[in-house]
Amino acid sequence: MHAPIDFKLTASDGEARTGIIKTRRSIIETPVFMPVGTQGTVKGVRFEWLEDELDARIILGNTYHLFLRPGVDVIRKLGGLHKFSSWTRSILTDSGGYQVFSLAQMRKLTEDGVEFRSHIDGSKCFLSPEISMDIQAALDSEIVMAFDECPPGDAGHDATRKSLDLTVRWARRSKESFEKTQQSEGFNSETGRKNQADALALNGRQALFGIIQGAGHLDLRSESLERTVEIGFDGYAIGGLSVGEEKNVMYGVLEHTAPKMPKDKPRYLMGVGTPEDLLEAISQGVDMFDCVLPTRNGRTGGAFTSLGKINIRNARFIEDAGPLDPECSCSVCGRYSRAYLRHLYQAGEMAAPILISHHNLAFYLNTMRAAREAITRGSYDEFKNSFLEKLRENQDSGV
Ligand SMILES: [Zn+2]
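Notes on the structure in this doc start here. Computed from a predicted structure; not experimentally measured.

Packing of helix H11 (residues 275-283) against helix H16 (residues 380-393) brings their axes to within 11 Å, and their N-to-C directions diverge by 165°. Comparing their axes, H16 and H11 come out roughly antiparallel. Once H11 is placed against H16, the crossing between them reads as left-handed. Facing Pro275, Glu276, Leu279 and Ser283 of H11, the residues of H16 in contact are Tyr380, Lys384, Phe387, Leu388 and Leu391. Residue composition of the contact of H11 with H16, grouped by class: 6 nonpolar, 1 polar and 2 charged.

Encoded structure:
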């Protein structure tokens, strides 16, 4: 029987690798950055730009946010997140677990799941592996994430071990429940999508990824990896990084964990990070990334450039006629000056965060393109080192 997604490695250089993920909706070259579409939209960036200029092949949707608003019944009635939002390429949905632990109030964790109060209106809600699978089936994303518990970055060994055991039990329940949704949700019913899946030799169903936890404890990371792989998933993610731990702890976990993950399945690092973090993770063999930084920083005037991060509010840009990034080929850099963008920002014009977010996404996606080319050429280390050196040159302090 065909699989829900197809993953093939195309080149490798040390641990770094390039590949192609085929889903029923798009062909994704890896390493890939997935813009975050929390509420069914990538903040400030129209789908037309994401498709035509930025050429993002996959975006992320947040189960927790969409579950609370507009609610899963609305999205189900409107035919899933693709139809509702009009995004036709791939979507990866997270399980909602991470947001429950980072945003919701009055959490009560039990074996069954987690009870919490909505951060929007205080109403009582409940999420479990089964409910998360049901919501993600209704959202109709291409890649579904198992429901996990994410302990804080500085969690001790005992607390992490307890959390990991629960995450493994939830992973098993996620998979069992997921398999039921794949039989009952009327998959393959949409003719166009079925034809596309057939053409790609895919089965038209969703794919399910498992999540490796273990905070900063390498022995627990190994155990989590082993037990998650034993359950068996279409891809594997490293969760619980960039949640308050030191950078060297994160890099240590990546170096320890990523190369041991199954070689023939996509490897996804969740919620990380800066361009530097992405390049380091690629050198350990990670294939997929998502992070709110490009759009979140864009909204506060922060721009990622090939010469480091800058903040457009800085007075040194008042009369600067140059582009945000002299090496960027995006339409914002091709047209607007730093002085103009700074003026828009200071005047409170909505165009400022929109334009800077657009450039930031272009920078992330172009960096992934350059990384793929370097891996293919067999010169990833040289590429990474010269890229990182330039980033540090002109970085504004405190942005
Ligand atoms: Zn640009």
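What follows deals with helix H14 (residues 338-346). Among all positions of H14, only Arg338, Leu341, Arg342, Leu344 and Tyr345 are buried. Buried positions in H14, seen along its axis, are confined to an arc of 160° and lie on one side of it. On the buried face of H14, the contacting elements are helix H15 (351-377). Following H14 by one or two positions, Gly348 has its phi on the positive side, about 75°.

Among the nonpolar cores identified, the biggest contains 110 residues, and Met34, Phe209, Ala237 and Leu269 are the most heavily contacted of them. Top contributing element to this core by residue count: H15, with 12 residues. Met34 has contacts with Ile58, Ile59, Leu60, Leu92, Met288, Phe289 and Asp290, leaving out every residue within four places of it along the chain.

What counts, and where the lines are drawn
- Residues numbered from 1 in each chain as written.
- Predicted model: local features only at pLDDT ≥ 70, side-chain atom pairs only at ≥ 80, totals over all residues.
- Axes fitted to C-alpha atoms, helices over the stretch in contact; angles between N-to-C directions.
- Helix = DSSP H or I, 4+ residues; strand = E, 2+ residues; numbered from the N terminus.
- Parallel < 35°, antiparallel > 145°, perpendicular 65-115°, else oblique.
- Left-handed = near helix turned anticlockwise from the far one by under 90°.
- Contact = placed C-beta atoms within 7 Å.
- Nonpolar A, V, L, I, M, F, W, Y, C, P; charged D, E, K, R; others polar.
- Buried ≥ 20, exposed ≤ 12 C-beta atoms within 10 Å, placed from the backbone.
- Arc of directions from axis to C-beta.
- Core = buried A, V, L, I, M, F, W, Y, C linked by C-beta atoms within 7 Å.

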